[in-house]
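Survey of secondary and tertiary structure
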There are 2 protein chains.
Amino acid sequence: MSELRQGKRTILFPNRPVISGWASVVGKKEGEGPLGREFDQVEQDSRFGCASWEQAETKFQKSALNLALKRADLTKQELDAVFSGDLLNQCAASNFAMRGVQVPVLGLYGACSTMAEALLLAGCAVNAGYGGSCAAVSSSHFAAAERQYRFPLAYGGQRTPTAQWTVTGAGATVIRSKGSGPAMIGATLGTVQDKGITDANNMGAAMAWAAYDTIRAHFSESGLGPEDYDLIVTGDLGKLGKELVTEFFSRDGVKLTERYEDCGVLIFDPSTQDVHCGGSGAGCSAAVLAAHLLPGLEHKRWKRLLFCGTGALLSPTTVQQKQSIPAVCHAVALEA
Amino acid sequence: MSELRQGKRTILFPNRPVISGWASVVGKKEGEGPLGREFDQVEQDSRFGCASWEQAETKFQKSALNLALKRADLTKQELDAVFSGDLLNQCAASNFAMRGVQVPVLGLYGACSTMAEALLLAGCAVNAGYGGSCAAVSSSHFAAAERQYRFPLAYGGQRTPTAQWTVTGAGATVIRSKGSGPAMIGATLGTVQDKGITDANNMGAAMAWAAYDTIRAHFSESGLGPEDYDLIVTGDLGKLGKELVTEFFSRDGVKLTERYEDCGVLIFDPSTQDVHCGGSGAGCSAAVLAAHLLPGLEHKRWKRLLFCGTGALLSPTTVQQKQSIPAVCHAVALEA
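One structure accompanies this document, and this report is about it. (Residues numbered from 1 in each chain as written. Chains lettered and ligands numbered in written order. Predicted model: local features only at pLDDT ≥ 70, side-chain atom pairs only at ≥ 80, totals over all residues.)

Thoughts on the overall build of chain A
The helix and strand inventory of chain A stands at eleven helices and 14 strands. Its C-alpha atoms give chain A principal-axis dimensions of roughly 50 × 50 × 35 Å. Here chain A holds 336 residues, and the buried ones make up 63% of them. In chain A, of all internal contacts separated by at least 6 residues, the share reaching a separation of at least 24 is 80%. (Helix = DSSP H or I, 4+ residues; strand = E, 2+ residues; numbered from the N terminus. Buried ≥ 20, exposed ≤ 12 C-beta atoms within 10 Å, placed from the backbone. Contact = placed C-beta atoms within 7 Å.)

Some details on the pairing of strand β2 (residues 18–27) of chain A
Residue and element names in this part refer to chain A. Along β2, ten of the ten residues are buried, which leaves the element largely enclosed by surrounding structure. The sheet contact formed by β2 and strand β8 (residues 169–176) spans eight bridges and is antiparallel. By the bridge assignment for β8, S24 is matched with G171. Where β2 lies against strand β3 (residues 41–43), three bridges are found, and the strand directions are parallel. Looking at the pairing, V25 lines up with Q41 of β3. (Pairing = 2+ DSSP bridges.)

Side note on the interface of chain A and chain B
Facing 47 residues of chain A, the contacting portion of chain B comprises 47 residues. Within the residue set of the side of chain A that touches chain B, elements represented by two or more residues are β4 (81–86), α3 (92–97), β5 (105–107), α4 (114–127) and α11 (316–320) of chain A. The biggest single contributor to the side of chain A that touches chain B is α4 of chain A, with four residues.

Things to note about unusual backbone geometry
In this structure, D236 of chain A follows G235 of chain A across a cis peptide bond, with omega equal to 15°. Of note in this structure, D274 of chain A is not a glycine but carries a positive phi near 50°. Relative to the helices and strands, D274 of chain A is located in the loop between α9 (270–273) and β12 (279–280). A positive phi angle, near 50°, is found at A111 of chain B, a position not held by glycine. If you trace the backbone, A111 of chain B turns up in the loop between β5 (105–107) and α4 (114–127). With 29 C-beta atoms counted inside 10 Å, the residue A111 of chain B sits in the buried group.

A short note on the relation of the copies chain A and chain B
In the superposition of chain A on chain B (RMSD 0.0 Å, axial shift 0.0 Å), the rotation amounts to 180°. The superposition operator between the copies reduces to a two-fold rotation axis. No C-alpha of chain A approaches the rotation axis more nearly than that of L108 of chain A, which lies at 2.0 Å. Mapped onto chain B, 100% of the interface residues of chain A again fall at the interface, so both copies present the same surface. (Least-squares fit on C-alpha atoms with pLDDT ≥ 70 in both.)

Given below as C-alpha cells:
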C-alpha cells in the first residue's frame, strides 16, 4: 500500500501509536439497531441509575473508559492524559467524568467531531513521546441534547424529515506508544467551513461540505486516494449528508460509493427505528468507532480506514440570532 | 537557574517554542482598570459594532488574533493550527471567529483555564514539529456570560461578595518554532479537582484547590521551587481564591507572597471598579497574559514565569442539579 505524506493540514505519526483498548456503552435504542450486538454494554435505563440524564451521560463516559482500560490492561492511574468532550453546555459530562481521577484532562469541544479530535490529539501526544498512554473519550445523550438544543421531550415536538437522532452513549479509546491493536498513521485537520445552511434540523447538509473539504485535502496532501482505503467513514452526517458528500466527490470524478460509510447511517435502521436521517451526537461516531470500526480493523476486515469526525458548530443562541451553521471535520487514518 | 525536569504531569519543550506575537483587545471597563494602558485595543462599545454580544465576542477574538499575527509578522494563512475556546455554549465565539479561515482549528473547553490549555497544546504541537506556527486564543464577554450563566443584565440582579466580574475581551498568542520572544520551556497538566464547593458565586474557592494541586505538582515534579520563578500567576482566582492558594502553600511551609499574582486581581481596581472579588472569564487570563505578562518577559522584568490558568467546570445545569463545582488548572512555564 502507498505511504502517507505530510502536508499543510496533514500530520504523520511515524511512531505509529497503537489503539490498544476501546469500548462502547450505549442506550436501549442503539442496542436495538443494526450494531446492537457489537456494543460492549447496552444500558436499558436512560438515566443509568442516576438522578438526571446529564449525570447518566457522565456515567456512560466513565463506563466506556473503564472498559477500554480493561481491554488495554491498564489502570486509570497509568494514563498520562485524557482528551475528552461532549455536547452538553460547558462539556459537563466529560469534566464530571474525570472528577477526582488524578489524571490530566484536556477538555475539547468539536461538537460531533469530538472523538476524531480527541483521537488525533492523543495520537499527537503519544507519537511525540509526551506520554506513553492517553485516552480519547466522547459521548452524547438523546434526552439531554433534546432538552438543551431543541425542546424538553415532554413537549412531544415533531421532527422534520432532515432531522437526526442524537445517540445515547459513549465511546472510549486508549492510545499507547507500544502494544498491539490498530495503528494511527496520520491525520488531516479540519478547518471551519460554512456554506450558509441555517436550518438547525438539517445538520447533515451543514456538515457535508466540511467532510468533503477535509477528505479532499487528505487525498491531495497525503498522496493517498480512495482506492488506498478499504473504508472511509464520516460520522455523523446521516443519510442526506452522506448523499451530499458522495455527490460532491462524484462531481470531481471521484467515486466513493462502495467504500464509503457514515456512522449516523450505520447505527440505526431507518425502516424500523423512525430516526429520519439517522444518528448524530458526539457519542455516535465514538460508539461506532469502538463497537464496529476498531474491531473490524483488529479482525482484518479492513486494512486501512479513514475515520472522519464531523461536527456542526452551532449553538441554540447562534440559531436564534439567525446565524448560519459552521462545521468542521477532522480525519484520522488507521491501519490494521 | 535550575533546569526543568519531566514528570508524570509535567512535559518539557526542549526545542523551546517561542511566543513571537501576542495581543489583547478588551472592553471599556477593562480599559479603565490598572492595566488599561497595556492593552493593545480598548473597545468602548460592548457590542463592538455587532448585532449581539455573542457576535461581539467573536470580533474580540478575531481582532486579537489579527493583531498578534501582525506582531509576529505572519498572515493567518501561514498558521498551521489555531487552538481556541471560550465560555459561550458550544464555544460559539471561537468557532465563529474561524469561519471561512482556511486554517485548521482545534476547539477546546477548559472554562477560564482555556488560554493556558491552548498555549500548552500549541507548545506541544510546535515543540514536536507538527507545525511551525500555531495560535492560542481565548475570550469572554461580561454581558453574554451574565445572560448565559446567571441572569439577563436588565434584571439588575444583586451580586454576592464573593462574585467575580467576567472580563470582556480576548487574548491571542502566536507560537513559533523559531524567532524571538519569550520561550515556552514546559508545562504541568491539570487534573479535575472537586472539594465540594457548591456556591456558583464563589468560583475562586472552587478553583483554588486545583491551582494549589497543579502548582504543587509542578514544584515536586519539575525540581523547580517558587524561588526559581520571578512570578507565579494564577488566572483567575480573584481576591479570595488567591488568599486560599497562599494559605494552602503556607500550611506546607511554602511562602508564595511576594512573587505570586492573580490575573483576576491584576485586571480591576476593587476600590473604584465595584468588581467584588475581581475579574474572571476565559478572556481575563488571556488578555492579562498578552497585555502584561508577555511584555514583562520581553522587557526582562521577569526572567521566568509560571502561568497557571484556572477553570471552574460548572454549567448552569449542574448548578441547578445541586452538583458541586469541579475545577482544573494547567500551568505553563515561560522564560524571557
